[in-house]
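An overview of the molecular structure
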Amino acid sequence: MAQDAHHHDAARRYEPDSPYAWLRLAAALLIGTVACVGSWSVVVVLPAMQGEFDTLRAGASLPYTFAMLGFGAGNIAMGRIADRYGLMVPVAAGGVLLAAGYAAAAMSQSLWQFALAHGLLIGLGTGAGFSPLISDLSHWFRRHRGLAVVCGASGSYLAGVVWPQIITWGLAHYGWRATHLGIGIAALTIMLPLAPFFRRKPAAATLAAADASSAGARGDLGLSAGQLQFLLCVAGFACCVAMAMPQVHIVAYCGDLGYGVARGAEMLSLMMALGIVSRIGSGFVADRIGGTATLAIGSVMQGVALFLYLWFDGLQSLYVVSAIFGLFQGGIVPMYAVVTREYLPAKQAGVRIGLVMSVTVLGMAVGGYLSGVIFDFFGSYRVAFLHGLAWNFVNLAVVCWLMLRARQRPASPARLAGGLGG
């Protein structure tokens, strides 16, 4: 009897939305902030790389593209590992990969060596700080799932607030090689000791209940899991091609306009800081109106911000527009994870969220590179902003179609019984 009571207490201690779940969220946020340095360090050093390796803007954008491709592969691989072995393994592996990657980048003697270090090591390691964390948190929360997912995803934006300032300081005082070495050491010493905290896995009953709910929700849409996965990937790719233009090129853009790269780094940090506000706000909204509707709102607002870049390029106005862009687009990418968990099988959450996230990262990689190519061709970023705006319309069209389809079909009994989020 006493043993049964003990098991019951233990089960309650680790159930969804428990104090343990919130503690796990806090630890995941720290891991994400450290691991996602790989998404931002290369943006800050882009002008230095262009000078060091004597290349055009498109060439200097290559390491970012490689890092994003590695990050995309890392999201899928680390998500699959998390589904099978739990979150501890990806966190530990991510720390080791980041340390090795930044050491290799610090010693690189050519642009290609620098790019390969980002693609094969840093990108994969950064993957441990995004999709596996988001999919894991989606299992530990039910009532506050939207909020938990966006808070977990905010690690990548916190990284965008903190790391550009640290890296700018490191570049000025110690040079880019020593700075890269320092980043690798920091990642290893923070991530490796924290990995054992994530040993515990969600209960089988929690996963089974979530699977039943998502099957009902998917039936209401009238789409197979594969069809919905494909549509989410198309939408994710399109929105991130659009998103990449300001995020990847704002530092270089400010340099071209004569404001200096330090101003651009400040705008990037401001963009990311307000992106966190946007992410958390979108979590509250998603818990009330659902992930798809929240995604549509974010897409419209991102389009408005991109449009503003076409009209304002003064120093003060660029700070304002960058702030607006951060505030408008921050909640978009985590909403794909929320929608995935609403409609797709919970036991495959790691790999399915990883797949959607990897396609959003591919969109960032392609968008970042194409913006550099467009700049080299036209000698101006104006066409690159228009290019981003066009992709944003593609995203909005797919999301609105899904919203209309969900509203036109009557809810199934399984869906009504399971609740919206599972």
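Going by the structure above, here's the rest.
Procedures and definitions
- Residues numbered from 1 in each chain as written.
- Predicted model: local features only at pLDDT ≥ 70, side-chain atom pairs only at ≥ 80, totals over all residues.
- Heavy atoms only, no water.
- Core = buried A, V, L, I, M, F, W, Y, C linked by side-chain atoms within 4.5 Å.
- Buried < 20%, exposed > 50% of the residue type's maximum accessible area, 1.4 Å probe, protein only.
- Helix = DSSP H or I, 4+ residues; strand = E, 2+ residues; numbered from the N terminus.
- Contact = heavy atoms within 4.5 Å.
- Salt bridge = Lys/Arg side-chain N within 4 Å of Asp/Glu carboxyl O.
- Patch = residues over 30% accessible without salt bridge, like charges linked within 9 Å, V, L, I, M, F, W, Y side chains within 5 Å.
- Areas by Shrake-Rupley, 256 points an atom, 1.4 Å probe, with all protein chains shown as cover.
- Phe/Tyr/Trp six-rings, centres within 6.5 Å; stacked < 30°, edge-to-face > 60°.
- Lys NZ or Arg CZ within 6 Å of the ring centre and 35° of its normal.
- Axes fitted to C-alpha atoms, helices over the stretch in contact; angles between N-to-C directions.
- Parallel < 35°, antiparallel > 145°, perpendicular 65-115°, else oblique.
- Nonpolar A, V, L, I, M, F, W, Y, C, P; charged D, E, K, R; others polar.
- Polar contact = N/O pair within 3.5 Å; in protein donor to acceptor, adjacent residues only side chain to side chain.
- Expected span 1.5 Å × (residues − 1).

Ranked by internal contacts, the top residues of the largest apolar core, which has 120 residues, are Met 243 and Tyr 336. Tallying contributions element by element places helix H11 (residues 225-256) first for this core, with 20 residues. Not counting residues within four places of it along the chain, the set of residues in contact with Tyr 336 comprises Leu 232, Ala 235, Gly 236, Cys 239, Leu 295, Val 356, Met 357, Thr 360 and Asn 395.

Take the environment of Ser 380 next. Within the secondary structure layout, Ser 380 lies in the loop between helix H16 (349-378) and helix H17 (382-408). When the C-alpha atoms of Ser 380 and Asp 256 are compared, they prove to be 9.3 Å apart, with 124 residues separating the residues in sequence. When residues no more than four places from it in sequence are discounted, the contact partners of Ser 380 are Ile 374 and Phe 375.

Scanning the model with the defined rule gives two salt bridges in all. In this structure, Asp 136 and Arg 24 form a salt bridge, with 2.8 Å as the shortest nitrogen-oxygen distance. Taken together, the residues span a long stretch of sequence, with Asp 136 in helix H8 (residues 131-140) and Arg 24 in helix H2 (residues 19-35) at a distance of 112 residues. Judged on exposure class, the residue Asp 136 and its partner Arg 24 are both buried.

A separate point is a nonpolar patch on the surface. Taken together, the side chains of Val 96, Leu 188 and Leu 192 make up a nonpolar region of the molecular surface, amounting to roughly 210 Å² of accessible area. Position of Val 96 relative to the elements: it lies in helix H6 (residues 88-107). According to the relative accessible area criterion, Val 96 is partly exposed, its value standing at 45%.

As a further point, take the packing of aromatic side chains. Aromatic ring pairs are defined here through the distance separating the ring centres and the angle between the ring planes. Applying the stated criterion to the full structure yields 16 aromatic pairs. Note on Phe 237 and Trp 391: the rings are 5.4 Å apart at their centroids and 80° apart in plane angle, and the pair reads as edge-to-face. Residue Phe 237 is found in helix H11, and its partner Trp 391 is found in helix H17; the two are separated by 154 residues along the sequence. According to the relative accessible area criterion, Phe 237 is buried, its value standing at 19%. A residue is classified by how much of its surface remains accessible, and Trp 391, at 27% relative accessible area, is partly exposed. Taken together, the ring pairs in this structure connect Tyr 253, Tyr 309, Phe 325, Phe 375, Tyr 381 and Phe 385 into an aromatic cluster. Lying across the ring of Trp 311, Arg 382 places its NZ or CZ 5.7 Å from the centre.

Let us now look at the packing of helix H9 (residues 145-194) against helix H12 (residues 261-289). Where H9 contacts H12, the two axes come as close as 8 Å, and the packing angle between them is 175°. Classed by the angle they form, the pair H9 and H12 counts as roughly antiparallel. Of the residues belonging to the contact of H9 with H12, the class tally is 15 nonpolar, ten polar and four charged.

Counting buried residues along H8, ten of its ten residues qualify, which places the element largely inside the surrounding structure. Considered for burial, the residues of H8 that qualify are Ser 131, Pro 132, Leu 133, Ile 134, Ser 135, Asp 136, Leu 137, Ser 138, His 139 and Trp 140.

Okay, the packing of H6 against H9 next. At their nearest, the axes of H6 and H9 sit 8 Å apart, and the two run at 170° to each other. The angle between H6 and H9 falls in the class roughly antiparallel. Here Val 91, Ala 92, Gly 94, Gly 95, Val 96, Leu 98, Ala 99, Tyr 102, Ala 103, Ala 105, Ala 106 and Met 107 of H6 lie close against H9, whose contacting residues are Trp 176, Arg 177, His 180, Leu 181, Ile 183, Gly 184, Ala 187, Leu 188, Met 191 and Leu 192. Looking at the contact of H6 with H9 residue by residue, the class counts come to 17 nonpolar, four polar and one charged.

Within the secondary structure, Arg 145 sits in helix H9. At 3.4 Å, the side chain of Arg 145 and the backbone oxygen of Phe 141 are in polar contact.

Right, let's get into the environment of Gly 129. Within the secondary structure, Gly 129 sits in the loop between helix H7 (111-127) and H8. Measuring from C-alpha to C-alpha, the distance between Gly 129 and Pro 90 comes to 8.5 Å, with 39 residues separating the pair along the chain. Excluding its chain neighbours within four sequence positions, the residues that come into contact with Gly 129 are Gly 32, Ala 35 and Cys 36.

Moving on, we get to H12. For H12, built from 29 residues, the straight-helix expectation of 42 Å at 1.5 Å per residue is met to within 8% by its first-to-last C-alpha distance of 40 Å. Directly beyond the C-terminal end of H12, a positive phi value near 95° is found at Gly 290.

Note that all results are geometric; they support no functional claim without further evidence.
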